[in-house]
Amino acid sequence: MNSLKSPDIGEIVDPDRVVIINLNYSADIFRNVFSKMEFIMAWEYLESQLNKYSIPVLYTNLENTTENDGTLAAYLGKKHSVRAAHTAPVSPLDGKFIEKFTKYMPENREDVMTVPHEDIFLESGVEEWIRQSGRDTVLFTGFFTERDVYISAFEAIMRKYYSVIISDATSTYSERIFFTSLDLISQTVEVIDTRDLEKIW
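One structure accompanies this document, and this report is about it. (Residues numbered from 1 in each chain as written. Predicted model: local features only at pLDDT ≥ 70, side-chain atom pairs only at ≥ 80, totals over all residues. Heavy atoms only, no water.)

1. Some points on the overall build of the protein
For the protein, the count of helices and strands is 9 helices and 6 strands. For 201 residues, the compact-globule estimate of 2.2 N^0.38 gives 17 Å, and the protein sits close to it at 17 Å. Across the 201 residues in the protein, those meeting the buried criterion constitute 43%. Of the roughly 11200 Å² of accessible surface on the protein, 51% is carried by carbon and sulfur atoms. (Helix = DSSP H or I, 4+ residues; strand = E, 2+ residues; numbered from the N terminus. Rg over C-alpha atoms; globule rule 2.2 N^0.38 Å. Buried < 20%, exposed > 50% of the residue type's maximum accessible area, 1.4 Å probe, protein only. Areas by Shrake-Rupley, 256 points an atom, 1.4 Å probe, with all protein chains shown as cover.)

Encoded structure:
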């Protein structure tokens, strides 16, 4: 029987062992997510901690590809349209939120990696980047909670990393999709928010 003690969340998110990966950090995506204010507030907190603890951050963007041209591309586009149909209505505050969002765009090109798949580990340099950091916990932020974040967080576990989703620093088109996704993934992956992090960091 395995008698090893399971680490608690405080140990898992120790600043000396974490990296942050921010998926699909794009103003075009951000303008259509439902929780703009919460996302901005989450990143204001995270930004204040990055230099304090020297936490490595990687921004990933999904490559535009025509590889799946044809019926599969049409099918995937239709599925995306169904999700996007739940986009929150435009708010008078959206312009201010987008302006704040752009403040947290990566300053250095070396902090950005284009990935070919929604699973950011597949056929990319992401795992090598984590390995070179010498750290073993991945904190996931960005878009979309129900797809890229969901898939990549599971994949991190399978690749033997601790995997944590910072819930208020991720978002998607609708509140229903967001919470349903987080509820499912929390059965396997740790899900916390920045208020939890504040108590630890």
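From this point, the discussion proceeds with the structure in view.
2. Describing the packing of aromatic side chains
Overall, the coordinates contain 17 aromatic pairs when judged by the stated rule. Summarising the aromatic geometry, the rings of Tyr 25 and Phe 101 are spaced 4.1 Å apart at their centres and angled 15° between planes, so their arrangement reads as stacked. Separated by 76 residues along the polypeptide, Tyr 25 in the loop between β1 (18-23) and α2 (27-30) and Phe 101 in helix α5 (residues 94-102) bring together distant segments of the chain. Of the two residues examined, Tyr 25 and Phe 101, each falls in the buried class. (Phe/Tyr/Trp six-rings, centres within 6.5 Å; stacked < 30°, edge-to-face > 60°.)

3. Brief notes about the pattern of salt bridges
Overall, the coordinates contain 12 salt bridges when judged by the stated rule. A salt bridge links Arg 83 to Glu 146, with the nearest nitrogen and oxygen atoms 2.5 Å apart. On the criterion of sequence distance, the pair formed by Arg 83 in helix α4 (residues 71-84) and Glu 146 in helix α7 (residues 145-158) is long-range, its members being 63 residues apart. Per residue, the accessibility class of Arg 83 equals that of Glu 146, and both read buried. With its nearest N and O atoms 2.8 Å apart, the salt bridge here joins Asp 193 to Arg 195. Residue classification places Arg 195 among the exposed residues on the basis of a relative accessible area of 58%. Here the salt bridges do not stand alone but share partners, grouping Glu 127, Glu 128, Arg 131, Glu 155 and Arg 159 into one network. (Salt bridge = Lys/Arg side-chain N within 4 Å of Asp/Glu carboxyl O.)

4. Some points on a nonpolar patch on the surface
Where nonpolar side chains cluster on the molecular surface, the patch consists of Leu 72, Tyr 75 and Leu 76 and spans about 300 Å² of accessible area. Locating Tyr 75 in the fold gives a position in helix α4. (Patch = residues over 30% accessible without salt bridge, like charges linked within 9 Å, V, L, I, M, F, W, Y side chains within 5 Å.)

5. A look at the side chain of Lys 36
Structurally, the position occupied by Lys 36 is in helix α3 (residues 36-53). A distance of 3.2 Å separates a polar side-chain atom of Lys 36 from the backbone oxygen of Arg 31. With residues near it in sequence (within four places) discarded, Lys 36 still touches Phe 30, Arg 31, Asp 94 and Phe 97. (Polar contact = N/O pair within 3.5 Å; in protein donor to acceptor, adjacent residues only side chain to side chain. Contact = heavy atoms within 4.5 Å.)

6. Let's talk about the sheet that holds strand β6 (residues 190-192)
Backbone-to-backbone hydrogen bonds join strands into a sheet, with any given pair of strands oriented parallel or antiparallel. Judged by pairing direction, the sheet is parallel, and its 6 strands sit side by side in the order β3-β2-β1-β4-β5-β6 without closing on themselves. Looking at the sheet topology across the chains shown, the edges are occupied by β3 (112-115) and β6. Put simply, the sheet's adjacent strands are angled 25° from each other on average, direction ignored. The pairing of strand β4 (residues 137-143) with strand β5 (residues 162-171) spans 6 bridges and is classified as parallel. Of the residues in β5, the one forming a bridge with Leu 139 is Val 164. Against the sheet, helix α8 (residues 175-185) engages β5 and β6, with an angle of about 170° to β5. (Pairing = 2+ DSSP bridges. Axes fitted to C-alpha atoms, helices over the stretch in contact; angles between N-to-C directions.)

7. Some thoughts on α3
Given 3.6 residues per turn, any residue in an α-helix points the same way as the ones three and four places further on. Taking 1.5 Å of rise per residue, the 18 residues of α3 would be expected to cover 26 Å, and the 26 Å separating its terminal C-alpha atoms lies within 8% of that figure. For α3, every residue scored as buried is listed here: Lys 36, Phe 39, Ile 40, Ala 42, Trp 43, Tyr 45, Leu 46, Gln 49 and Leu 50. Just downstream of α3, Ser 54 is the residue with a positive phi angle, here 55°. (Expected span 1.5 Å × (residues − 1).)

8. Looking at the pairing of strand β2 (residues 57-62)
Pairing of β1 with β2, which is carried by 4 bridges, proceeds in the parallel orientation. By the bridge assignment, Ile 21 is partnered in β2 with Leu 58. Pairing geometry for β2 and β3, over 4 bridges, is parallel. Within β3, the position partnered with Leu 62 by the bridge is Val 115.

The quantities given are spatial measurements derived from coordinates; they are silent on function.
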